Amino acid sequence: MDVNDTPPAPGLREAKKRETRQLISDRATRLFIERGFEHTTIAEIADAARVAKKTVTNYFPRKEDLALDHQEEFVATLAATVTARGPGETPLTALRDSFLASVAAQDPVAGFAGQAFTRMIADSPTLTSCLRGLHDRREEALAAALADTTHAPPDDITPRTVAALLGGVHRVLFTRIQELTLAGRTNPEIAEVLAREAPRAFDLLTPALAEYGRRP
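Quick summary incoming for the structure in this document. Sequence order sets the numbering: in each chain, residues are counted from 1 along the sequence as written. For this predicted model, a pLDDT threshold of at least 70 governs which residues receive local features, and a threshold of 80 or more governs which side-chain atom pairs are given and counted, while totals over whole chains, interfaces and linings are taken from all residues. Side-chain metrics in this entry use all non-hydrogen atoms of the structure; hydrogen atoms and water are not considered.

### Let's talk about the pattern of salt bridges
Condition: Throughout this description, the term salt bridge denotes a Lys or Arg side-chain nitrogen within 4 Å of a carboxyl oxygen of Asp or Glu. Secondary structure elements follow DSSP: runs of H or I no shorter than four residues count as helices, runs of E no shorter than two count as strands, and numbering proceeds from the N terminus. We call a residue buried when its accessible area falls under 20% of the maximum for its residue type, exposed when it is over 50%, and partly exposed in between, using a 1.4 Å probe and counting protein chains only.
All told, the structure shown has 13 salt bridges when counted by the stated rule. Between Glu14 and Lys17 there is a salt bridge whose closest N-O contact spans 3.7 Å. Residue Glu14 and its partner Lys17 are both found in helix 1 (residues 10-35); the two are separated by 3 residues, about one turn of the helix. Assessed through its relative accessible area of 39%, Glu14 is described here as partly exposed. Note on Lys17: relative accessible area 44%, which makes it partly exposed.

Structure follows, in structure tokens:
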């Protein structure tokens, strides 16, 4: 075999795959913003990214995955925070502190996605429905993490109830960020508002969850 025909090393192959995936995602997002999600086809995305249509679907099996390409990170965030909480820390405290840190960092996963991207989601029934599903999955993952870390019996309704309360606050705050974004507020302005409003939202849960799940 000629040296020029030698396959790239595994690390280089993975890097190339990541680059291709990101390129496809970037081109798709640009088209979705310009034309609308429903009006953009996979073929048009493939042309824009200069790849085959099958390459697009290999990386992104569903069209929604092209627009919301951090789904698994979003779904896992609350559960991961609860699982990693330290000694003496409750799920409520851990999630409150984590959310406020995300606000300070203006994290896109927390909702700081910019006006064009947020408008793209708001204008698409498909993406709006998908986002609701992601919130549901995130709440389910949180319930499982709460049950695991508090050693709850399998039929205990408590972890699911707590997850619904904590997940509900996160839904409200995510929606609040979207509303302010669509109203034309900048990310720093939104972060300033949420830094005031988020603690009040979490404080409403304190009477019920102040001691729940506190680690020894």
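### Comments concerning the packing of aromatic side chains
What counts is decided by this rule: Aromatic rings from Phe, Tyr and Trp, taking only the six-membered ring of Trp, are treated as a pair when their centres fall within 6.5 Å; an angle between ring planes under 30 degrees marks them as stacked, one over 60 as edge-to-face, and anything in between as tilted. Our definition puts a charge over a ring when NZ of Lys or CZ of Arg is within 6 Å of the ring centre and also within 35 degrees of the ring normal.
Under the definition given, this model contains 3 aromatic pairs. Ring geometry for Phe32 versus Phe37: centroids 4.8 Å apart, planes at 55 degrees, classification tilted. Each member of the pair, Phe32 as well as Phe37, is classed as buried. With a centroid separation of 5.7 Å and 75 degrees between ring planes, the pair formed by Phe74 and Phe174 is classed as edge-to-face. On the criterion of sequence distance, the pair formed by Phe74 in helix 5 (residues 71-83) and Phe174 in helix 9 (residues 158-182) is long-range, its members being 100 residues apart. Side by side, Phe74 and Phe174 carry an identical accessibility label, which is buried. The ring of Phe37 carries the charged tip of Lys63 above its face, separated from the ring centre by 4.6 Å. Its end group placed over the ring of Phe74, Arg138 keeps NZ or CZ at 4.0 Å from the ring centre.

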